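Overview (structure and organization)
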Amino acid sequence: MTTTEHKPHTSPEIGGLGHSRRRVEDARFIEGRGNYVDDITLPGMLHMAIHRSPLAHARIISIDTSAAEAVDGVVAVVTGELLAGYNLAWMPTLSGDTQAVLATDKVRFQGQEIAAVIATDRYVAQDAARLVEVEYEDLEPIVNPQRALEEDAVLIRDDKEDQTSNLCFEWESGDKTATDEAFAKADKIVSLETHYPRSHPAPLETCGIVADVDSATGQATLYMTSQAPHAHRTVFALVAGLAEQNIRIVSPDLGGGFGNKVPVYPGYVVATAASLVIGQPVKWVETRTENLISTGFARDYYMKGELAVTNDGKILGLKVDMLADEGAFYADAQPSKFRAGLFHIVTGSYDYPAAYVTTRGAYTNKAPGGVAYRCSFRVTEASYLIERLVQNAAYELGLDPAEFRSSNFIQADQFPYHSPTGFVYDSGDYETAMRKAMDMVGYADIQAEKEQARKEGRLVGIGMASFTEVVGAGHGEDYDIIGLKMFDSAELRVHPTGKAILKLGVKSQGQGHETTFAQIVAEELGIPAGDVKVVEGDTDNTPYGLGTYASRSTPVAGAATAVISRKLREKAKKIAAHLLEASEEDLEWETGKFFVAGDPESSVSIQDIAFAAYTNPPPDLEAGLEGVHYYDPPNMTYPFGTYIVVVDVDPESGQWKVRRMIAVDDCGVKINPMIVEGQIQGGLTEGFAMSSMQHITFDETGNCLGSNFMDYLVPTAWETPRFELGETVTPSPHHPIGAKGVGESATVGSPAAYVNAVVDALQHMGVTNIEMPMSADRVWHAMQENSGG
Amino acid sequence: MYPSKFDYLAPETLEEALAVLAERGDEVKILAGGQSLIPMMKLRFAEPATLLDINRIPGLDAIDIQNGHVRVQALARHADVVRSAVIKEENDLMAGAAPWIADPIVRNLGTVCGSLAHHDPEGDWASVMLALDAEVVAVSKEGVTHFHPGADGTQHTGGTRVISIQDFLVDMFTTSLYPTELLTEVRVPRYERGGGNYQKLERKVGDYATVGVATHIELGDDDRITKAGIALTSVYAHNLKVTDAETALVGQAPSDELFAEAGRIASAACDPASDTRGSAEYKRHIVGLFTERSLAESLKIAQGGQS
Amino acid sequence: MNITVTVNGTAHTADVEPRLLLVDFIRTNLGLTGTHIGCDTTSCGVCTVLIDGTPVKTCTMFAVQANGRSVTTVEGLKQNGELSAIQQAFREHHGLQCGFCTPAMMLVGTALIEENPDPTEDDIRWAISGNLCRCTGYMNIVKSIEAAAETTREGASS
Ligand SMILES: Cc1cc2nc3c(=O)[nH]c(=O)nc-3n(C[C@H](O)[C@H](O)[C@H](O)COP(=O)(O)OP(=O)(O)OC[C@H]3O[C@@H](n4cnc5c(N)ncnc54)[C@H](O)[C@@H]3O)c2cc1C
Ligand code: FES
Ligand code: FES
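1. So, the overall build of chain B
From N to C terminus, chain B includes twelve helices and 16 strands. In terms of overall dimensions, chain B is globule-like: its C-alpha atoms have a radius of gyration of 19 Å, near the 19 Å expected for 307 residues. On the principal axes, the C-alpha backbone points of chain B span a range of 55 × 45 × 40 Å. In chain B, buried positions account for 58% of the 307 residues. Considering only contacts in chain B between residues 6 or more positions apart, those separated by 24 or more positions represent 64%.

Structure (structure tokens):
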């Protein structure tokens, strides 16, 4: 089923699946004509700046806004008290918790929103925001989840009636008894305790809004940085009590999202409320610091994994216990049934009967968020843990990590594969992908070089990850966010001249939807992709959808597009039969036209059919060639692959450098190989960032130590490794076009490969773990602690 | 992130600039490249009442040779140093350090003199100049009395002062410059047979040093070290010249053991803090290691292995 | 304070507060929104424009400092209705995804090619190391600049 070649069926002129079609959206971006939220200026527009808490945990004694109000140009200063009058001081989170919009009782993290200044000028708004005076009574800042769950820890969420501790949730998955039995039979138990550090998606464009509420008509037009405009509209209707038909959310061009633009933030709500009250448009755009200290973070899982293995190299079972640092409000953006997201995919690419996962989440005095940062919900943490564990297990058993993986892989003929935690993997061929990556890197040669290097005083390491991702949430039965089922939609209208417009419920943040979704239509209907305009991000003009994150656009909205195209093709066939005066059964389809079987001369093009749909429809058929489809996926899709990293480590300084990075990905059928490659390269870079430099920490007072780009490190072109890409193609059997989605595999799979490589270089010293990010300092300490140095 | 309001003056002659300084003194901040000052103003760590932009003063941007010195004037940018043929020819340590400053775009504006005047203990240039025994030249309006706010009662009547770099760099973010003075140049002695090198541990381009080590050595005809300079970045309250290590080298024939000894002295002399960049123990180790490595590299250059 | 700044060949005169950052002058006063803002610490480079041909970060420069100088923004890359070599190359080689870093990357690439018509991969990576991209992983940006250099060389030699 796996092939390495996948030839397009359509000509380049049509530009269906498999063509590296140049991107439509680039035309505006390369001329500087992108339209991002901050580029929007409306007549009479005011500017908002937020006063935030410098403290992580404190009771608010008083808030004095008089000095701010006195500044020339200030129109209003909004506090939580004022919002409370509109019942807006608190709002729901995507995980069914509540979050303060503007703090009234306590501040619960550094950077929390306290008051907002609305002024005629951005500079003035910021001047005045600094003048808001707040008197505090200090409370103990709780800066880690371990401390949060101790008995004497002060209660962070004293606003919640039934909350008596800082425990935020408990969740489990898998079969405890079966797992205990597996462990009882094991020869060895290999364990690893590690922390997946707090990270932030940090798209280069921060979050923002231009809220334009017409107080006379009640019509609210909200231009905002939203990866999920429809869901946000519903949240706004629920939060603000506005009639949903009067809310139009426009998500214009997004300067990256990576999960950061999934939640609803207090700034959006305050700006909207302010616009409503004042009757003028209000713009709020975060500074980078505001973005990093207050909006959706990712990861921050403390994980303990244990793998039960036999001496001859078989995995019998897996146990994982985790503690999640959720911040002050539980605001994970993930399906409500799964409190730890899809972490239970942690059994990975391997076949064993038993697994048991337990998770507790704790409130701490940190920003809320828990977004799926360029990954599917919590799959990054899961993939990291299992791929790190597998390498350590191989070492303990004295086996080659690749061979150990190989002897435990789910085999190609086992799909659909039922995992011990309840997933049904759709398709895969892990062995082939791994062998391909090993060939590309020259695995045996590197292993041999390692020995030689050590003799010369050099350190070389090779590490791999054979990950399985799970994306495309998800079937409505199991997957919803705040009750909204996780379907997605596509509306296709073929115009009389044979050109078409496709409207989607998802929202691109750089993935090139305007290009790729047109290719799906081209593939299915034979209308040249260049004749298909793709529209998204405007709730008044697109069908309802849950949005773009967790690599769900291709699996869900892509499927919706294929299905609606096929439905229109069915209708087109009826029209063709009418035009050709043939019976439908006698018609055959070839890209872009129907013809009479056995008489290829008698044919009619999709363009002619489209024209006829409006000018000459069959008498028994309604006119037009349009339709909408809501696609509820029967299952998720499971992209996979093998990444191999080769590093050189400086034995004296602990500095390490990636020499090679091989990525063999299998994302099923590719719509646009050029774009897929681009997505993978981007994801590999973020994986590199997390493993090498990027994390957010806090000092003991809850002061954020990653609050700007001098401290929160994003790699530049200089540090970023050069990647070598390979592929296998294993179509998804249940997806209409066999695609699996790819935006995030590389972020999920690669961190373990980088860490495994560095650990491998140091393994002979007895090093079994180095925490991310692997600073030179940490690598050096690992060597010191293990070599008796 | 916006600065608070200020008055802006952009004189076109040095005299005018000095007059403004003499008149407004304390409340004025000189704006050179702005690559330290403007970020601080945006964060409101600095709120000067007046900005004196010196970028329109002609004749202040040379990198050249004057009286046995390599001279870098106030408006010479980091990028000018990177590109300068004079520097390439004359001074290996400066040539080696310049590409490590900030990032390529920041280097197009930031100045060497501004960096020295700023005296951020994480700045690289101060270490370079300490290792090279540089001097700075400060000027102020003649014929008026200038007061130094820091050092009690210190005053002078204006004109040109030549200050050794060690006297110039007082403490972190503090120099011996009077608020009414303008730094016009930094200059370093030329040398016959020597080599220099800058080693910097940074986490990414644009990062300040976790540890920076500047070394410079000169060799006599007998191949012994006649002059040595070693200074450290980011591992002390200010840039640290390791005089003991320098002394240990002078008069000796270079060797691995000798450089290792210099590394040990440097490592003992520094006093780094543990922070997100690394533990104190690690930084101390790196100081020793990089001092040794840097000296070896400087020697290689001095011996003509590379220049 | 009254200033005159030539932007993409057109002189603009305006009365501005001294504290107005050049980036806000370009974006707000002139409405040229292709120049972006991405950080508070002079780290990301999405605000980069060319001043008299040299790339600078306009979030760390006041508009008054640009008085009398000549600024090129992304909107000025197109000449006589034709996309420049670098614009074409970014499109051809998929050098952009969300497009937020792109204007700055193209301007820095333009300045690099001007100074060094035949840059190596390392030269390019070094030149753009003051500019962050969160989407692409840089490989295609490098490729785009390489390709633009090549077309520019061919154009110059023909
Ligand atoms: C992102 C980023 C990364 C950086 N990384 C590094 C790095 O790795 N290493 C490093 O060393 N530096 C780094 N810097 C700082 C950079 O080198 C600055 O250019 C330098 O510190 C200051 O020079 P300037 O000309 O920009 O000075 P300005 O910012 O203009 O001025 C700085 C101070 O010096 C005073 N001053 C300036 N010139 C004079 C003068 N002629 N006479 C008297 N006083 C004067 C000013 O009044 C002000 O107080 C970085 C800066 C940024 C923005
Ligand atoms: S906005 Fe980030 S460097 Fe200018
Ligand atoms: S393309 Fe999105 S930041 Fe570069």
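Still more to cover.
2. Regarding the pairing of strand 31 (residues 656-666) of chain A
Residues and elements named next belong to chain A. Of all eleven residues in strand 31, eight are buried; the element is thus mostly enclosed. Pairing of strand 30 (residues 640-649) with strand 31, which is carried by ten bridges, proceeds in the antiparallel orientation. Directly across from F640, in strand 31, lies its bridge partner D666. The antiparallel pairing of strand 30 with strand 31 creates a hairpin that spans six residues between the two strands, and G654 there sits at a positive phi of about 80°. Bridge count between strand 31 and strand 32 (residues 724-727): four bridges; the pairing is parallel. When the sheet's bridge partners are listed, I662 is paired in strand 32 with E724. Taken together, strand 31, helix 17 (residues 673-692) and strand 32 form a β-α-β motif whose crossover is right-handed.

3. Regarding the layout of surface pockets
As a volume, the second largest pocket reaches approximately 1400 Å³. In terms of lining residues, the second largest pocket is bounded by 46 residues, among which Q655, W656 and E719 of chain A together with E202 and R203 of chain B are the most central. For the lining of the second largest pocket, the secondary-structure elements that each account for two or more residues are strand 31, helix 17 and helix 19 (776-786) of chain A, strand 13 (194-201) and helix 12 (280-302) of chain B together with helix 4 (121-127) of chain C. Tallying contributions element by element places strand 31 of chain A first for the lining of the second largest pocket, with five residues. In terms of residue class, the lining of the second largest pocket is built from 18 nonpolar, eleven polar and 17 charged.

4. Focus: the domain arrangement of chain B
Interface size is commonly expressed as the accessible surface area that is lost when the partners come together. Residues and elements named next belong to chain B. Taken as a whole, chain B is organised into domain 1 (57-190) and domain 2 (192-307). Using only C-alpha atoms to locate each centre, domain 1 and domain 2 end up separated by 21 Å. Sorting the residues of domain 1 by area buried against domain 2 places D92, W100 and E122 first, and these three jointly supply 28% of that buried surface. For the pair domain 1 and domain 2, the interface holds four salt bridges. K200 is paired through a salt bridge with D124; the nearest N and O atoms lie 3.0 Å apart. Counting across the domain 1 and domain 2 interface gives 13 residue pairs in polar contact (both at pLDDT 80 or more). Among the elements of the structure, helix 5 (92-97) and helix 8 (125-131) are those that each provide at least two residues to the side of domain 1 that touches domain 2.

5. Section: the interface of chain A and chain C
Counting residues at the interface gives 54 residues for chain A, matched by 48 residues for chain C. Both sides together, the interface formed by chain A and chain C hides about 4400 Å², and carbon and sulfur atoms give 54% of it. Together, I30, Y123 and L204 of chain A form the three largest contributors to the area buried by chain A at its contact with chain C, with a combined 19%. Summed over the shared surface of chain A and chain C, the result is eight salt bridges. In this structure, R19 of chain C and D127 of chain A form a salt bridge, with 2.6 Å as the shortest nitrogen-oxygen distance.

Rules used in this analysis
Residues numbered from 1 in each chain as written. Chains lettered and ligands numbered in written order. Predicted model: local features only at pLDDT ≥ 70, side-chain atom pairs only at ≥ 80, totals over all residues. Heavy atoms only, no water. Helix = DSSP H or I, 4+ residues; strand = E, 2+ residues; numbered from the N terminus. Rg over C-alpha atoms; globule rule 2.2 N^0.38 Å. Buried < 20%, exposed > 50% of the residue type's maximum accessible area, 1.4 Å probe, protein only. Contact = heavy atoms within 4.5 Å. Pairing = 2+ DSSP bridges. Right-handed = clockwise from strand over helix to strand, strands pointing away. 1 Å grid on protein atoms, 1.4 Å probe; cavity = no way out; pocket = protein on both sides within 12 Å on 5 of 7 lines; lining within 4 Å. Points joined across faces, edges and corners; volume = space filled by probe spheres on them. Nonpolar A, V, L, I, M, F, W, Y, C, P; charged D, E, K, R; others polar. Domains from an automatic or database assignment. Buried area = accessible area lost by both parts, 1.4 Å probe. Salt bridge = Lys/Arg side-chain N within 4 Å of Asp/Glu carboxyl O. Polar contact = N/O pair within 3.5 Å; in protein donor to acceptor, adjacent residues only side chain to side chain.

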